[in-house]
Amino acid sequence: MSTERKYGAQSMYGTLKKAVIHRPGPEFSDHDNYRKFGFTGPFPVLEEAQHEHDVFASYLKEWGVEVEYAEDCPLEFTGLTYITDNGIITDKGAIISRPGKPQRIGEEAVVAKKLLSMDIPIRYSVSAPGTVEGGGETIWLDHDTLLIGNTYRTNDAAYEQLKKLLEPEIKVIQFQLPSYLGPGTVLHLGSVCSLLDKDLAVVYSKLMPIAMYRLLEERGIEMIDITDEEFSHSASNILAVAPRKLIMLDGNPRVKEELEKRGCEVKVMPGNWTGYDRHAGPTCMTMSVLREYE
């Protein structure tokens, strides 16, 4: 990796050097916005949510990641803790999302402001009618191949914008996902697959596009398939801080054991308030800014 490169994260598993995260604040536990956002579970205990996030941040720092916090979050942006959806950091700058969930529109401006303060240029902002939820909906299969979902949150118009922007330098491949539980529930491409090394992934094949499954097979990527119960515990939402150095939610002992059998070092974090009922996890809470490449 060039020592002069300050940003660029065109990888899912290259060693993570810098990341932006958002610690849950008053917006996370504002009663009115919590319900308007669509959450139906128990009302969150902010102090416990903050503790979970602090455990997560401590793991990043322990593994040498330089952590920046996006702060000054307006009260209406309940979802900003899941910061990855607000953009993609390429080697040429940030691509800023246009969220597909109306309640999240505006979060991307908070994140763009933070990135600019870090001297990361804005390469492109997705425009209407395009909608895309950045890091959650995209997977870097390799440095020059970007996979993107077609879901209730990410549409054809955004795909066409990204394809025009990035190709031919970067191949952009779109995959249609099923309706699952309907437009009120998150199902991103990243919900069904976490790429953990060049030849290892955790997947939920029941909801995975067949063409994507076959593509990973063609690449020689071993896929650990999770159970229905593990999917409900966000077991497919795993952050690779480096190849086979992973952070995942607690409560998924089977997949953790399978990963450790394959030489992975796994740290688990609690997810009672920031994870399970949000269909979220550590990848959602991380905007990768700088990763090393092979």
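For the structure itself, look to the data block above.
Model, not experiment: these values are computed from the prediction.

**Topic: the nonpolar core**
The biggest cluster of nonpolar side chains holds 36 residues, and the ones touching the most others in it are Met212, Leu216 and Leu259. Contributing elements (two or more residues each) for this core: strand 6 (138-142), strand 9 (193-197), strand 10 (200-203), helix 6 (210-218), strand 11 (222-225), strand 13 (245-249) and helix 8 (253-261). Element by element, the count of residues in this core is highest for strand 10, at four residues. Apart from residues lying up to four places away in sequence, Leu216 is in contact with Leu141, Cys193, Ala201, Met208, Ile221 and Met223. Counting 25 residues, the second largest nonpolar core, distinct from the first, contains Ala49, Leu60, Val241 and Trp273.

**Topic: the side chain of Arg5**
Checked against the element boundaries, Arg5 lands in the segment before strand 1 (16-21). Buried within the structure, Arg5 lacks any salt-bridge partner; its nearest side chain of opposite charge belongs to Asp91, at an N-O separation of 4.1 Å. Among the polar contacts made by the side chain of Arg5, one reaches the main-chain carbonyl oxygen of Tyr7 at a distance of 3.4 Å. A polar contact of 2.7 Å, which involves the side chain of Arg5, links it to the backbone oxygen of Arg291.

Parameters and conventions
Residues numbered from 1 in each chain as written. Predicted model: local features only at pLDDT ≥ 70, side-chain atom pairs only at ≥ 80, totals over all residues. Heavy atoms only, no water. Core = buried A, V, L, I, M, F, W, Y, C linked by side-chain atoms within 4.5 Å. Buried < 20%, exposed > 50% of the residue type's maximum accessible area, 1.4 Å probe, protein only. Helix = DSSP H or I, 4+ residues; strand = E, 2+ residues; numbered from the N terminus. Contact = heavy atoms within 4.5 Å. Lys, Arg positive; Asp, Glu negative; His and termini not counted. Salt bridge = Lys/Arg side-chain N within 4 Å of Asp/Glu carboxyl O. Polar contact = N/O pair within 3.5 Å; in protein donor to acceptor, adjacent residues only side chain to side chain.

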